[in-house]
Amino acid sequence: MKIRLLVTSVMACVVLLLSLSACTSGPAPDLGKRDAVVSSVMQALNAQDKDQLVKLAQPGPQTADSNAKLMLSEWGGVKDSGSTTVYSSESTPDVAAVRVSTTDSSGNPAVVQFSLRWNDNSWLLNLGPDF
């Protein structure tokens, strides 16, 4: 009886630890640093994590959820490290176009393009109509 209770308790602890680790994706990025936000976007694309993409856009437009799905349909599973990032701010200094050269899940070259916007001392993923 005591062994069964001990085994049940250990299994419950293991399940709790696994569920907690699944809920935390590590420390939040420093949104004041453009490179940190780009890295977080690439990690979310690699993990195909729509909710994280939407979170990186907040406060954002009401279309953020559907545009995050579009990003994932195009670039979900891309490699999130060992890439080359190029920034361009041709229009205004508070918007940065981002172009990341990486590889897709099959190892083929891929170019991920999105933009960031500066809002309240933070770089946010632009998931507006023309992300």
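Below is a summary of the structure that appears in this document. Quantities reported herein were computed from a predicted structural model and do not represent experimental measurements.

1. What about the packing of aromatic side chains?
Each aromatic ring pair is summarised here by two numbers: the centre-to-centre distance and the angle between the ring planes.
Step number 1: Summed over the entire model, instances satisfying the criterion amount to 1 aromatic pair.
Step number 2: It is Arg-34 that lies over the ring of Tyr-87; its NZ or CZ is 3.6 Å from the centre.

2. Details of the packing of helix 2 (residues 34–47) against helix 4 (residues 64–75)
How two helices sit against one another is set out by the angle between their axes and by the gap between those axes.
Step number 1: Where helix 2 meets helix 4, the closest approach of the two axes is 9 Å, and the angle between their N-to-C directions is 70°. Relative to helix 4, the element helix 2 lies roughly perpendicular. Contacts between helix 2 and helix 4 involve Val-41, Ala-44 and Leu-45 from the first element and Met-71, Leu-72 and Trp-75 from the second.
Step number 2: Looking at the contact of helix 2 with helix 4, its residues break down into 6 nonpolar, no polar and no charged.

What counts, and at which threshold
All chains use their own residue numbering, which begins from 1 and follows the written sequence. Reporting of local features is limited, given that this is a predicted model, to residues whose pLDDT is at least 70; pairs of side-chain atoms are given and counted only at 80 or more, and all residues count toward the totals for whole chains, interfaces and linings. Each side-chain value is worked out from all heavy atoms of the structure, with water and hydrogens disregarded. Under the pairing criterion, centres of Phe, Tyr and Trp rings, with the six-membered ring standing for Trp, must be within 6.5 Å; the plane angle then separates stacked pairs below 30 degrees from edge-to-face pairs above 60, leaving the rest tilted. Cation placement over rings: the criterion is NZ of Lys or CZ of Arg within 6 Å of the ring centroid and within 35° of the ring normal. Interaxial angles span 0 to 180 degrees and are taken between N-to-C directions of axes, which are lines fitted to C-alpha atoms, for helices over the stretch in contact. Note on conventions: DSSP H or I runs of at least 4 residues are helices, E runs of at least 2 residues are strands, and numbering of each starts at the N terminus. With respect to orientation, any angle under 35 degrees is reported as roughly parallel, any angle over 145 as roughly antiparallel, any angle of 65 to 115 as roughly perpendicular, and every other angle as oblique. Note on contacts: a residue pair qualifies if any of its non-hydrogen atoms lie within 4.5 Å across the two residues. Residue type decides the class: Asp, Glu, Lys and Arg count as charged, Ala, Val, Leu, Ile, Met, Phe, Trp, Tyr, Cys and Pro as nonpolar, and the leftover types, Gly among them, as polar.

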